[in-house]
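Per-entry structural report
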Amino acid sequence: MVCFILRRGSLSSIASGRTVLLRFQQETGASTENATNAARLKEVDRMKRATFWAKALFFVIILPATMTKLSRILEPLLPEFTSAGLATLAGTVLVPLGAYVMIRGYLILSFLGKRWPAGPTVRLVDRYIYRFVLHPVYWGYTVLLIGIGLRRESLAFVAQAVLVGVAFLAYVTFVEDRELRRRFGRKYEEYRRQVPMILPLWKALYYDRMELNWVLLLVMGFMQVLLKFIWRVRVEGQEYLPEDGKCVVMCNHVNLLDPFLVGLYSTRIIHFMASDELFRSPITRLFFRLMGAFPKRRWSRDISALRTVRRYLEAGEMVGIFPEGARNWDGGPVAVGDEVYKFLHRCNAPIVCASLIGGHEVWPRWSTFPAISDLTVRFFPRLNPDDFSTYHDLRAAIEERIFSFVAEPPRPRRALAGHHGITTVAWGCVKCGGVRTLEETREGLVCRKCGAAWGISRALEFVDKETGEVTLERDYHLQLRRRLERGAMDGGLNASTTATAFRIESTERLTRLGRGELTLSEKEIRFSAGAVTTTRKTEDIYFCYLNLADHLVVVDANGATQFALEHDSPVKWEDYVEASRGNTAKQWTSRHAKGAVMA
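Parameters and conventions
Residues numbered from 1 in each chain as written. Predicted model: local features only at pLDDT ≥ 70, side-chain atom pairs only at ≥ 80, totals over all residues. Heavy atoms only, no water. Buried < 20%, exposed > 50% of the residue type's maximum accessible area, 1.4 Å probe, protein only. Helix = DSSP H or I, 4+ residues; strand = E, 2+ residues; numbered from the N terminus. Pairing = 2+ DSSP bridges. Contact = heavy atoms within 4.5 Å. Axes fitted to C-alpha atoms, helices over the stretch in contact; angles between N-to-C directions. Bend = angle between axes of the 7 residues up to and from the residue. Parallel < 35°, antiparallel > 145°, perpendicular 65-115°, else oblique. Nonpolar A, V, L, I, M, F, W, Y, C, P; charged D, E, K, R; others polar. Core = buried A, V, L, I, M, F, W, Y, C linked by side-chain atoms within 4.5 Å. Patch = residues over 30% accessible without salt bridge, like charges linked within 9 Å, V, L, I, M, F, W, Y side chains within 5 Å. Areas by Shrake-Rupley, 256 points an atom, 1.4 Å probe, with all protein chains shown as cover. Salt bridge = Lys/Arg side-chain N within 4 Å of Asp/Glu carboxyl O. pLDDT = per-residue confidence, 0-100. Left-handed = near helix turned anticlockwise from the far one by under 90°.

1. Observations concerning the pairing of strand β13 (residues 495-504)
Judged by how many residues are buried, β13 sits mostly within the fold: seven of ten residues are covered. Pairing of β13 with strand β14 (residues 510-520), which is carried by ten bridges, proceeds in the antiparallel orientation. What sits directly across from Thr497, in β14, is Leu518. In this structure, the hairpin formed by β13 and β14 is closed by a connection of five residues.

2. Let's talk about the environment of Cys429
Here Cys429 is to be found in the loop between α14 (391-402) and β8 (438-440). Cys429 sits in the buried class, given a relative accessible area of 0%. In this structure the C-alpha to C-alpha distance between Cys429 and Leu445, which are 16 residues apart in sequence, comes to 9.7 Å. With sequence-adjacent residues up to four places away left out, Cys429 is seen in contact with Gly434, Thr437, Leu438, Cys447, Cys450, Ala452, Trp454, Tyr476, Leu480, Arg483 and Met489.

3. A word on the sheet that holds strand β12 (residues 470-472)
Spatially, the five strands line up as an open sheet ordered β8-β9-β10-β11-β12, and their pairing is antiparallel. In this open sheet, the two strands that pair with only one neighbour each are β8 and β12. Along the sheet, successive strands turn relative to each other by an average axial angle of 30°, direction set aside. Relative to strand β10 (residues 453-456), strand β9 (residues 444-447) runs antiparallel, the two sharing three bridges. Bridging across to β10, Gly444 finds its partner in Gly455. Packing against the sheet, helix α15 (residues 473-485) makes contact with β8, β10, β11 (461-464) and β12, and its axis sits at approximately 85° to β12.

4. Side note on helix α5 (residues 155-184)
The largest bend along α5 measures about 45° and falls at Val172. The first or second residue beyond α5 is Gly185, which carries a positive phi of 60°.

5. Digging into the sheet that holds strand β1 (residues 233-236)
Ordered in space as β1-β7-β6-β2-β5-β3-β4, the seven strands form an open sheet in which the pairing is mixed. Of all the strands in the sheet, the pair left with one neighbour each is β1 and β4 (294-296). Ignoring strand direction, the axes of neighbouring strands in this sheet form an average angle of 25°. Inspection of the sheet shows strand β2 (residues 247-251) paired to strand β6 (residues 351-357) by four bridges, in the parallel sense.

6. What about the packing of helix α12 (residues 338-347) against α14?
At a closest axis distance of 9 Å, the pairing of α12 and α14 adopts a crossing angle of 105°. As the angle between them shows, α12 and α14 are arranged roughly perpendicular. Counting all contacts with α12, which are made through Asp338, Tyr341, Lys342, Leu344 and His345, the residues of α14 involved are Tyr391, Leu394, Arg395, Ile398 and Glu399. Looking at the contact of α12 with α14, its residues break down into five nonpolar, one polar and four charged.

7. Structural notes on the nonpolar core
Formed by 58 residues in total, the largest nonpolar core has its most connected members in Ile108 and Trp231. Those residues within four positions of Ile108 in sequence are excluded, and the remaining contacts are Gly113, Val125, Tyr128, Ile129, Tyr130, Asp208, Leu212 and Leu217. Leu445, Leu484, Leu493 and Ala501 belong to the second largest nonpolar core, which has 43 residues in total.

8. As for a nonpolar patch on the surface
Together, Leu70, Ile73, Leu74, Leu77, Leu78 and Leu155 line one region of the surface with nonpolar side chains, adding up to about 520 Å² of accessible area. Tallying contributions element by element places helix α2 (residues 32-74) first for the nonpolar patch, with three residues. Assignment of secondary structure puts Leu74 in helix α2.

9. A short note on the pairing of β2
Most of β2 is tucked away: five of the five residues are buried. Going residue by residue along β2, you find Cys247, Val249 and Cys251 tucked away on one face and Val248 and Met250 tucked away on the opposite face as well. Pairing between β2 and strand β5 (residues 318-321): four bridges, direction parallel. By the bridge assignment for β5, Cys247 is matched with Met318.

10. Points about the confidence of the model for the protein chain
Residues with a pLDDT of 70 or more make up 89% of the protein chain, whose mean pLDDT is 86. In the model of the protein chain, helix α1 (residues 17-28) stands out as the element of lowest mean pLDDT, 47, in contrast to β10, which has the highest, 97. For residues 1-22, every residue scores under 50 in pLDDT, and the model assigns this stretch 95 contacts once sequence neighbours within four places are set aside. Confidence over residues 585-599 falls short of pLDDT 50; this stretch has 53 contacts with residues more than four positions distant or in other chains.

11. Overview of the packing of α15 against helix α16 (residues 570-580)
The interhelical angle for the contact between α15 and α16, taken along N-to-C directions, is 40°, at an axis separation of 10 Å. With respect to their mutual orientation, α15 and α16 come out oblique. The two elements α15 and α16 cross, and the hand of that crossing is right-handed. The residues of α16 that touch α15, namely those facing His477, Arg481, Leu484 and Glu485, are Val571, Asp575, Tyr576 and Ala579. For the contact of α15 with α16, the per-class residue count stands at four nonpolar, one polar and three charged.

Here's what the structure looks like:
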């Protein structure tokens, strides 16, 4: 979904992912004892979640119901409101105000500072609605209850609501404030002096809404629930994300939810650079703008996107970049062009690298639906571009971190572990060289031409039925590419399929050229649809890629053309075009390789 692509190049030879993983474990003090402590903390978290839901039940249902019953008993003993209409009007204003502040305060706290839903506050939230009043959740809940009492014209209910507010005030004064002082020290003391506890700063309510929109807040809240209970996401190195100041977050790109997987663990909004295809529709354009993303044209150099990055950094914001430019298809890293690292080397902004481990297994690009599995988001210590004499050195440091997942075994999926669609990547047989001869079965794949068969494990490993040899998905795809480059696949570099062609005029405008025959040879790629015929030499192609709709996009001096292929693998066509133009970009090998070996 989110991309950063200037022009593809070759991955430099860098240290093994195993070395990086070991270094990370040394830096963070990972050990068997830590694993045992983590298990204990997990059990404590379960108890805290149970306590949270018990509290939610009490404050949402039990307490209001009890107050309602008590008010019926106390109302005959108390005087009535002298101006019922004024009380109703005041209640009509206070009910939505209290609900707004309470809900927004909790969502911001759970998104930016708390381990949802019941964990402790791990980061001090001192901005947005937390500039309006010191404890907005308690304040909003109290005002909501007072508003309900006024709407009911019940002095007894209002009196009980005031008592609830006094109880909250006592709790935060004698319990919560002491804990926050102990945890955050002088920073909390300074925040407490600047923000009122009872009479709020009304202008902060306006700036809060302008700085953090509801769409982003609600979507991130939904993602917290989804990722917590479906994928069992584990985060490591979260402390390396800065709480203030400019920063670039770099991560490998494996599935559609990567921006959320990274953004959920930041205490600030990360402005992700995204493919311009997401901004073509007015609805998606509005949505991703509200999510803080900004577009980058993939089919040409986009200086405006780079200026946007600089503008955010100069303003002290965080920018998110997926340098591979697109989600990978086979679980392996994608080659990144030098321009990415040249730009970052000149930006002079701290860089935090992240690696998503198990991200491909939970939702491969060729799969329509995600699987249920475990996933780890691992952040690494910050890098300072000034510490690297050349961008080549910076490239090595970044890639050994974001691609360190190659040192990890693939994560087996617990449920919904189907492999329908995997022939998009396994578009040929590595034994006989047959193209599009593999058929999906319940257990795996069978070649119609030579009869070779592979089982597909829950970790998306290819298990040879004859020899028992286990091959990772990315290694199987790599073997296909090598055979293709050697001319060992049936038909050589010749291919043909039906496709619909579009000329990309701009981000919002595509010109349909028609539906016809797309053919490829070693020298040229040709499209013919009635009176429309386009031919380009493969040596003149600048680069090609698969867009978000899995269409083949070919770019040369005449512009960019998009092909919607019918009944064929888009991955196969990308491999064919790259092979025909002599682009043998190096890829990472499997975890079985020793040392810094590149394919």
